[in-house]
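Now for the letters of each chain:
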Amino acid sequence: CAIGYPRFMKKLPRTLSALILMACTSAYAEVRIEADQLVISGKLTNKDADDVVDAFNQQKLKKVIFRSSPGGEWSAGMRIGSFLIGKGITTKAEGMCASACAMAFLGGEHRVMSTVDPASILFFHAPYTPNDQQMVETLRFSVIGWIERRIGRTLPDKMKESINTTDNPKGGIFFFSSAHPLIKNTDNTVFICSGKEDRVPFDCEKTDAFDVFSSGIVTAAP
C-alpha cells in the first residue's frame, strides 16, 4: 500500500487504521458498476485500469466513486485519471483515497469529497514503487505537472515543496473533508507531513494557507 507500516498503524486512531487496513486486504481493487456509477475500492493495479475502460465500454457512466483506496501502482492511477478526462465525469472520494487513487481522482471534471460515512481523506505524495516502497525520483515533477494541469493553476508552495522534498512514503499532503470525525476538535483540514512523525498525520504541520477547495483539488461540495 502507499502508506501503512506496523508502527504507523499502532499509533493511528483506530478508525483511520481500520480504514487503511481494510483497503489493503486485496491485491486488486474491486471495480463494479452501480446504476450509472462506477465504484472502485482497494489497491489500484493496471488490471483495474483495464477494468475501468471495460466498464465505460459497457454502459454510460456519470460518476466514479473511489472508496477506501490506499493507492497502488502509480501508472494505474495515471491511466485511470487520464482516461476520465473529457468525459464530463464526476469523481468522488469516500474514505481514504491516497497516492495513486488521488491521482486518478483528479481525472474527474467535477471532483467532490464525501462528508458523510465514510468521510473522506485525500493524500498526495511523491511516487513510490508499490511493492518495496522505493522512491521513483524521476517522477516527482510528473506528479506535480499532472496535478497542476488538472487544477489549472500552480500548486501552493507548501504542497509543491512537500512532493519535491519528502523521501518517506508516509510524507505528503493530507486533505480531510471538513466533517471528518478525526478532525472535529481542530479547525485544520490540511496536514503536511515529512513522514517521520510519530502519528501521521496528526503530529504533522497544519496549515490554513490553502485547503482542498482553494487549491482546486476539489471543485464543489458533495
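For clarity, every value in this text was computed on a predicted model and none was experimentally measured.

Enquirer: Any chance you could explain the pairing of strand β6 (residues 121–124) here in plain terms?
Expert: Of the two faces of β6, both are covered, the one formed by I121 and F123 as well as the one formed by L122 and F124. Here strand β4 (residues 90–98) pairs with β6 via three bridges, running parallel. Bridge pairing in β6 links C97 to L122. Two elements, β6 and strand β7 (residues 172–176), share four bridges in a ladder whose sense is antiparallel.

Enquirer: Hey, could you run me through the nonpolar core in this one?
Expert: Nonpolar side chains in soluble globular proteins tend to be buried together. Formed by 47 residues in total, the largest nonpolar core has its most connected members in L122, F124, I147, F175 and I217. Of the residues forming this core, the biggest block, six residues, is contributed by helix α5 (residues 100–105). When near neighbours in sequence (up to four residues on either side) are disregarded, I217 contacts F105, L106, R111, L122, F124, I147, I151, M159, F175 and V212. If you look at the next biggest cluster of nonpolar residues, it comprises twelve residues, including M96, A98, F123 and F202.

Enquirer: So what exactly am I meant to see when it comes to the packing of aromatic side chains here?
Expert: The description of an aromatic ring pair rests on the distance of the ring centres and on the angle between the ring planes. Scanning the entire structure with this criterion turns up seven aromatic pairs. Judged by centre distance (6.1 Å) and plane angle (70°), the ring pair of F191 and F202 falls under edge-to-face. Here F191 is found in strand β8 (residues 190–193), whereas its partner F202 is found in the loop between β8 and β9 (205–207), with eleven residues between them in sequence. There is no split in this pair, since F191 and F202 are both buried. Each residue in the set F124, F175 and F210 is aromatic and connected to the rest through ring pairs, giving one cluster. Positioned over the ring face of F83 is K87, at 3.9 Å from the centre of the ring.

Enquirer: When you look at the pattern of salt bridges in this model, what are you seeing that I'm missing?
Expert: A side chain with one charge can pair with a side chain of the opposite charge if their charged atoms come near. One pass over the structure, following the stated rule, counts ten salt bridges. Close ionic contact of E30 with R32 constitutes a salt bridge, the shortest N to O distance being 3.2 Å. A relative accessible area of 43% places E30 in the partly exposed class. By relative accessible area, which is 26% here, R32 ends up partly exposed. One salt bridge connects R199 with D203, and the closest N-O pair in it is separated by 3.1 Å. In this structure R199 comes out as partly exposed when scored by relative accessible area, which is 35%. Of the residues examined, D203 reaches a relative accessible area of 38% and is grouped as partly exposed.

Rules used throughout
Residues numbered from 1 in each chain as written. Predicted model: local features only at pLDDT ≥ 70, side-chain atom pairs only at ≥ 80, totals over all residues. Heavy atoms only, no water. Buried < 20%, exposed > 50% of the residue type's maximum accessible area, 1.4 Å probe, protein only. Helix = DSSP H or I, 4+ residues; strand = E, 2+ residues; numbered from the N terminus. Pairing = 2+ DSSP bridges. Core = buried A, V, L, I, M, F, W, Y, C linked by side-chain atoms within 4.5 Å. Contact = heavy atoms within 4.5 Å. Phe/Tyr/Trp six-rings, centres within 6.5 Å; stacked < 30°, edge-to-face > 60°. Lys NZ or Arg CZ within 6 Å of the ring centre and 35° of its normal. Salt bridge = Lys/Arg side-chain N within 4 Å of Asp/Glu carboxyl O.

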